[in-house]
Amino acid sequence: MHEFSSKGFGRRVTLPMSGMVVATVFLVLVFALISAHRQNSLAVESSTQLAETAISVKEREIARNLKDYAVWEDAYRNLHENLDLAWAATDGNVGANIYTGLGYEMAFVVSPEGKTVYAVMNGEPGAPVDAFATIPTGLRELVARGAVDAEPAVGFLRSGSDAFLVAATAIVLPSADRAALPPSSRSVLIFAKKFDAKFLARIGEEYLLQNLRIVPSATASLGAAVPLRSLDGADLGFVSWSPEKPGTDLLRFLLPPMAISLVAFGLFAFLVLRHTKRSAAEIETSARTIEAYARTLEDSEARFRDVAEASSDWIWESDRDMRMVYFSARFTEVTGLAAAGVLGRTLEQFFVIERADEAWQSRAQALRAQESFRDLRCRYHDASGLLRVCRLAARPIVDHAGSFAGYRGTATDITSEVEAQARATHLALHDALTGLPNRVLFHQRLGQALEADADERSRLAVLCLDLDHFKEVNDTLGHAAGDILLQEVGQRLNACILPSDTVARLGGDEFAIVQNGVNQPLEANALSRRILESLNRPYMVDGSELHVGVSIGVAFAEAENDGADALLKNADIALYRAKQSGRATMRVFEPRMDIELQARKALEYDLRQALARNQLEVHYQPLVELENGRIAGVEALARWRHPEHGLVPPSSFIPLAEDTGLIVGIGEWVLRTACAQAAAWPELRVAVNLSPIQFRHSELVETVRQVLVDTGLAPHRLELEITESVLLHDAAAAREILTALKETGVFIVMDDFGTGYSSLGYLNSFPFDKIKIDKSFISDLSAEKSNAIVRSVIGLGQSLNMITTAEGVETPEQVEFLLREGCEQVQGYHFGRPIPADAMTTLIGGWTNDLGEGRSAA
Ligand SMILES: Nc1nc2c(ncn2[C@@H]2O[C@@H]3COP(=O)(O)O[C@H]4[C@@H](O)[C@H](n5cnc6c(=O)[nH]c(N)nc65)O[C@@H]4COP(=O)(O)O[C@H]3[C@H]2O)c(=O)[nH]1
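As a starting point, this report considers the structure included with it. (Residues numbered from 1 in each chain as written. Predicted model: local features only at pLDDT ≥ 70, side-chain atom pairs only at ≥ 80, totals over all residues. Heavy atoms only, no water.)

**Some thoughts on the nonpolar core**
Stage number 1. Y620, V686, F695, L718, L741, F768 and L818 are the most contacted members of the largest nonpolar core, which totals 78 residues.
Stage number 2. When residues of this core are assigned to their parent elements, the largest contribution, seven residues, is made by helix 22 (residues 663–680).
Stage number 3. If we ignore the near neighbours within four places in the chain, the residues touching F768 are I722, L727, L738, I748, V749, M750, Y762, L763 and M802. (Core = buried A, V, L, I, M, F, W, Y, C linked by side-chain atoms within 4.5 Å. Buried < 20%, exposed > 50% of the residue type's maximum accessible area, 1.4 Å probe, protein only. Helix = DSSP H or I, 4+ residues; strand = E, 2+ residues; numbered from the N terminus. Contact = heavy atoms within 4.5 Å.)

As structure tokens, then:
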């Protein structure tokens, strides 16, 4: 770019302009001076001519006047032939009139012999004054020439210090033939006019020559001069005058306005130049600013290009018909396609616009309105034919006329982003372990299904599934095995459903199914059966065969159902009921289940407060030795004195306490209360029930030890009753705890023997001190089978050297039977019901050895 500079401008414009102005002024001045000089010279020249003419006129005038007097018969007769001085002196002849009339100061008559015979000096005729003495130089030659020449001889001669115009001519008859007369016989008349200041002043007046005067030298000239030379060439000085100076006058006239004009012009030129210079400086500043802007613009463009290409993949442009007309170099780098092959195709020919994209409507509107748009999702095939996704953003190009000329925009390849998004969406909606839909997707599907009309809704069933004993698998075989099991369960569930159904893993071992069955509830029942059958089949995990069942709760959508949450809640309630019903089964939701559940929740709430509000009590039931009828001990049984419901039996709250984990706290409280109470009684043992839940807490042994220490009860006076379910859960851990408990010195009792799996192996492998035969066998003693069982358990105890206790002994017959069979201890209403500690203290105090007496009727 050409750089504009005000200094350059000064050099190029100011200096030449200033030079031109100065040169013009100079030329005008020179021209004026030359003209003035020329004018002056011409004036001098013409006045010189005038002066010369004046002199010549005077010469001719004196010659003419002289000739008038010399060529006159009277003069010839009286001055030549006969010298008549009186005639001569007579005024009017050659007398005073020569001076007074003609103004000649001197007049002489010289005889042929060369002698002055008559003279008139300043108008005074008189005695002859020698002319040659008066005018000593040059007069003789003049007289000689005048004597012979036809015309008077005229010339300037000096007389003293004065110059005189002198004329001489022969005095002849007017008719005389001058040539015929010998010169020597002629008399000569001489007139002399003094060239004095007065005469010159008169000439000056006549010829308009100012200050006409005689000056001795040219240097004393008044401006113009003509030399006066005598006939012999002697210098008589100069006739000088002040010539007119029209040039100088003109200059005088012109110079002031010229000077003013020049000054004004110079000032104007100066101002113009200054203004021009300032303008030039401003232009230079503007030019620099524009240059700076241009550089900034270039930088900005480069920056924009860098940013645009860094934040996107390529830049593109289309014409007004949406035909691609430009791709930046990155287009080929990213797509592998040659730009030339795509240019000319329309936007829609190259890109497949994703009209399914939710935002398409607004983009379509922007495109129709030829407005800016962003985030327009498109697909295209790259050079290798792979379908890729990109995002377009563009702004309209507006031409100089303000019309739409196409689009200019960026494209960003978002294929990996879209794939990652799809993966993330899948992850967000699916369970990572089983690949099944997760809770979120399940809710979405259920919500969508519920949006259908009432008819379709009524076909909808939700099944909630919970694996039975899954926790045990996890606890015993580890989480890896649990994971494999869950994956297998997922596959089996998938195999059970139809494509229109959705099976989801809600978390842990919870699954749920949305079933769309035309024929409900039959189809839900059928599906439940299929699932129960499929999931009950054994699983092979790490080479081990595992068995886990499943409990299923089913709820059907109804027209007036609240929604997905309500439906799922109902299915969950049904599932809870299925689990309560012994697992591996299914239950269909009924409204009463919800009521019961609410009641249970209310109870649970109350139970949480019970301990803190001292609503729990421990009642004691005596254990009697059959052999001697003595109280061998008491069983501590928890009671809940509910402020509204009265005394609540443990069968109503212990399972709830176990489900909620409250049993840990309640159990410890019962243990501590019973031990403290027993310590106050003489040598009686106290039996306390331990829940399987307490067993899973590692602090159990330490708690027992601490309670014994705190209450001071001797360990051998404490019996801990456990059920078979404790052993079922984790046999190894149970054995470890039992062994540790045994080491504290307490008795371990197997409670409710015969109700569970009653593996006889347990009795061998665990350190039990006592077996309690469940009261269901005792109450059923009339039956053959029960008799046999009771008999064999008693026998087993004896052979394993364990004490056998029979529970629920209510009748003397039962006592007799047990006595006969060798049962060592009994417990039952026949001997005493569970009673509060005070009552028990009284009972103990009044107890006799007689088996039939002292029974409490509490
Ligand atoms: N029909 C009949 N029943 C008799 C007779 N003699 C005693 N019973 C009842 O049989 C149950 C014996 O206790 P259990 O088998 O350990 O069974 C207990 C025990 O498993 C559990 N339980 C009670 N208190 C506690 C406790 O503090 N902790 C734990 N973990 N469980 C407890 O609750 C179960 C029920 O306790 P209870 O309702 O007190 O019921 C007691 C007792 O009242 C009889 O002649 N006929």
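**With respect to helix 16 (residues 470–477)**
Stage number 1. Restricting attention to buried positions, one finds in helix 16 the residues F470, V473 and N474. Buried residues of helix 16, seen end-on, are gathered within an arc of 95 degrees and therefore sit on one face of the element.
Stage number 2. Those residues of helix 16 that are buried are in contact with strand 16 (460–467), helix 17 (479–496) and strand 20 (544–546).
Stage number 3. Remark: G478 follows helix 16 within two positions and exhibits a positive phi of approximately 95 degrees. (Arc of directions from axis to C-beta.)

**Looking at the pairing of strand 21 (residues 550–556)**
Looking along a regular strand, one sees the side chains alternate between the two faces of the sheet.
Stage number 1. Most of strand 21 sits inside the fold, with seven of its seven residues counted as buried.
Stage number 2. The alternating pattern of strand 21 places V550, I552, V554 and F556 on one face and S551, G553 and A555 on the opposite face, and all of these are buried.
Stage number 3. In the sheet, strand 16 pairs with strand 21 via seven bridges, with the strands oriented antiparallel. When the sheet's bridge partners are listed, A461 is paired in strand 21 with F556.
Stage number 4. Where strand 21 meets strand 22 (residues 586–588), three bridges bridge the pair, whose relative direction is parallel. What sits directly across from I552, in strand 22, is M586. (Pairing = 2+ DSSP bridges.)

**So, the packing of aromatic side chains**
Stage number 1. The tally for this structure, following the rule as stated, stands at 19 aromatic pairs.
Stage number 2. Between the aromatic rings of F156 and F195, the centroid separation amounts to 4.7 Å while the plane-to-plane angle is 85 degrees, which identifies the pairing as edge-to-face. Here F195 lies in the loop between strand 6 (188–194) and helix 7 (197–207) and F156 lies in strand 4 (residues 153–159), a separation of 39 residues in the sequence.
Stage number 3. For the pair W640 and F653, a centre-to-centre distance of 5.8 Å together with 80 degrees between the ring planes defines the contact as edge-to-face. You can see W640 sitting in strand 24 (residues 631–642) and its partner F653 sitting in helix 21 (residues 650–660), a full 13 residues away along the chain. The two residues W640 and F653 agree in class, both being buried.
Stage number 4. An aromatic cluster is defined as three or more aromatic residues linked by ring pairs; in this entry it consists of W314, F327, F331, F350, F351 and Y380.
Stage number 5. Over the ring of F766 we find R735; its NZ or CZ atom is 5.0 Å from the centre of that ring.
Stage number 6. Note that R833 overlies the ring of Y829, its terminal NZ or CZ placed 3.7 Å from the centroid. (Phe/Tyr/Trp six-rings, centres within 6.5 Å; stacked < 30°, edge-to-face > 60°. Lys NZ or Arg CZ within 6 Å of the ring centre and 35° of its normal.)

**As for the sheet that holds strand 2 (residues 116–121)**
Sheet strands associate in pairs through backbone hydrogen bonding, adopting either a parallel or an antiparallel arrangement.
Stage number 1. If you walk across this open sheet you meet the six strands as 3-2-1-6-5-4, and the pairing is antiparallel. Among the strands making up the open sheet, the edge pair consists of strand 3 (124–126) and strand 4. On average, adjacent strands in this sheet sit at an angle of 20 degrees to one another, irrespective of strand direction. (Axes fitted to C-alpha atoms, helices over the stretch in contact; angles between N-to-C directions.)

**Focus: the environment of S240**
Stage number 1. Note on placement: S240 falls in strand 9 (residues 235–242).
Stage number 2. Residue classification places S240 among the buried positions, given a relative accessible area of 0%.
Stage number 3. The residues touching S240, leaving out its near neighbours within four places in the chain, are N211, L212, R213, V215, S221, L222, G223, A224 and A225.
Stage number 4. Of note is the side chain of S240, whose polar atom sits 3.5 Å from the side chain of S221. (Polar contact = N/O pair within 3.5 Å; in protein donor to acceptor, adjacent residues only side chain to side chain.)

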